[in-house]
Amino acid sequence: MSTDSAYLTVAGLGVDVVYKDIKNLHISVYPPVGRVRVAAPEATNEDTIRLAIVQRLPWIKRQREQLQKADRQSVRKMQSGETHYVWGQRYRLDVSRTSGNFHVETKGQTLWVIAPADADAEAKRATLDRWYRRELKAAVPALLAKWQPIIGVEAGKIIVRRMKTKWGTCVAHSRTIWLNPELAKKNPRCLEYIVVHELTHLHERSHNERFVALMDQYLPDWRARRDELNDSPLADEEWEYNEESGG
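A quick note: this is a predicted structure, and the numbers were derived from the prediction, not measured.

(A) Summary view of the overall build of the protein. The helix and strand inventory of the protein stands at six helices and 12 strands. Going through the 247 residues of the protein one by one, you find that 47% of them count as buried.

(B) The layout of surface pockets, seen in detail. Counted as a void, the largest pocket has a volume near 830 Å³. As for the largest pocket, its lining consists of 34 residues, and the residues nearest its centre are Tyr7, Val33, Lys166, His197 and His207. Classifying every residue of the lining of the largest pocket by side-chain character gives 14 nonpolar, 13 polar and seven charged.

(C) Molecular detail of the packing of helix H3 (residues 121–151) against helix H4 (residues 188–200). In the contact formed by H3 and H4, the axes pass within 10 Å of each other and the chain directions differ by 50 degrees. Looking at the two axes, H3 sits oblique to H4. Judged by the twist between their axes, the crossing of H3 over H4 is right-handed. Between H3, through Leu136, Ala139, Leu143, Leu144, Lys146, Trp147, Gln148 and Ile151, and H4, the contact on the second element is made entirely by Leu191, Glu192, Val195, Val196, Leu199 and Thr200. Of the residues contributing to the contact of H3 with H4, the split by class is 10 nonpolar, two polar and two charged.

(D) The arrangement of the sheet that holds strand E5 (residues 83–86) in detail. Reading across from one edge, E5-E6-E8-E7 is the order of the four strands in this open sheet, with mixed pairing throughout. Of all strands in the sheet, those with a lone pairing partner are E5 and strand E7 (103–107), marking the two edges. The sheet shows a mean angle of 35 degrees between the axes of neighbouring strands, taken without regard to direction. Two elements, E7 and strand E8 (residues 110–114), share five bridges in a ladder whose sense is antiparallel. By the bridge assignment for E8, His103 is matched with Ile114. The strands touched by H3 within the sheet are E5, E7 and E8, with E8 carrying the most contacts at an inclination of about 120 degrees.

(E) Structural detail: the packing of aromatic side chains. As enumerated under the stated definition, the model contains two aromatic pairs in all. A ring pair is formed by Tyr193 and Trp222, whose centres lie 6.5 Å apart and whose planes are at 10 degrees; its orientation type is stacked. Here the residue Tyr193 occupies a position in helix H4, and Trp222 occupies one in helix H6 (residues 222–231), the gap between them amounting to 29 residues. Neither Tyr193 nor Trp222 differs from the other in exposure class; each is buried. Above the face of the Tyr30 ring, Arg35 is positioned so that its terminal group lies 5.1 Å from the ring centre.

(F) Structural view of the sheet that holds strand E11 (residues 176–179). Pairing is mixed in the open sheet, where three strands are placed in the order E9-E11-E10. The open sheet terminates on both sides in strands that have one partner only, identified here as strand E9 (157–160) and strand E10 (168–171). The average undirected angle you get between the axes of adjacent strands in this sheet is 20 degrees. In the sheet, E10 pairs with E11 via four bridges, with the strands oriented antiparallel. What sits directly across from Cys170, in E11, is Ile177. With respect to the sheet, H3 is in contact with E9 and E11, its orientation differing from that of E9 by roughly 155 degrees.

Criteria and thresholds
Residues numbered from 1 in each chain as written. Predicted model: local features only at pLDDT ≥ 70, side-chain atom pairs only at ≥ 80, totals over all residues. Heavy atoms only, no water. Helix = DSSP H or I, 4+ residues; strand = E, 2+ residues; numbered from the N terminus. Buried < 20%, exposed > 50% of the residue type's maximum accessible area, 1.4 Å probe, protein only. 1 Å grid on protein atoms, 1.4 Å probe; cavity = no way out; pocket = protein on both sides within 12 Å on 5 of 7 lines; lining within 4 Å. Points joined across faces, edges and corners; volume = space filled by probe spheres on them. Nonpolar A, V, L, I, M, F, W, Y, C, P; charged D, E, K, R; others polar. Axes fitted to C-alpha atoms, helices over the stretch in contact; angles between N-to-C directions. Parallel < 35°, antiparallel > 145°, perpendicular 65-115°, else oblique. Left-handed = near helix turned anticlockwise from the far one by under 90°. Contact = heavy atoms within 4.5 Å. Pairing = 2+ DSSP bridges. Phe/Tyr/Trp six-rings, centres within 6.5 Å; stacked < 30°, edge-to-face > 60°. Lys NZ or Arg CZ within 6 Å of the ring centre and 35° of its normal.

What follows is the structure, encoded as structure tokens:
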């Protein structure tokens, strides 16, 4: 059973540490973006953990590179009956309705992608992708209105852009925040976490102890939200994580 946790930065790498009633130290690299987690015996000191991470840095970097090169989505054929997610809720895709215009609707547990009769799967997929982007853009203003006064910063610009290895990023000098449209598939709590995370980077650019302290102040449950986002991929995606043990 876990008794304590910590967050370390080693060689520029953010590492979650969980202390457990175990004999050996374990280093794990989790999808989708290569989050590093150490499970350490309760009596392990920080220097020992740092040394173990440094010794395994080549292995950690290889695992992260493999994850970041991996295809992030299973192939969507855009056929009726597929499972898709909207704001963390599961929907059954239905493409049986046709129209002269492309549009998307949700009703009950059905996600309708309505398109001209001759539209192919790629056109339907593009329609759904645009809809996810609109959903995300529509959700952001309320979050900014809530959190910018609390954090005491103001974003200059919000850009919704697909990113292969990041849910969001912050360009501090231009005060620009980029958000991945895939967030519209996740629980709204996850988007809120990312918005708070990126706004906090306007105070502190790196993931150092000050950044962690600020996140603890603004959003005390941010770790749970992050784990919900990173460790609970969609049902039709298959992830594996890699683990290495040390004495």
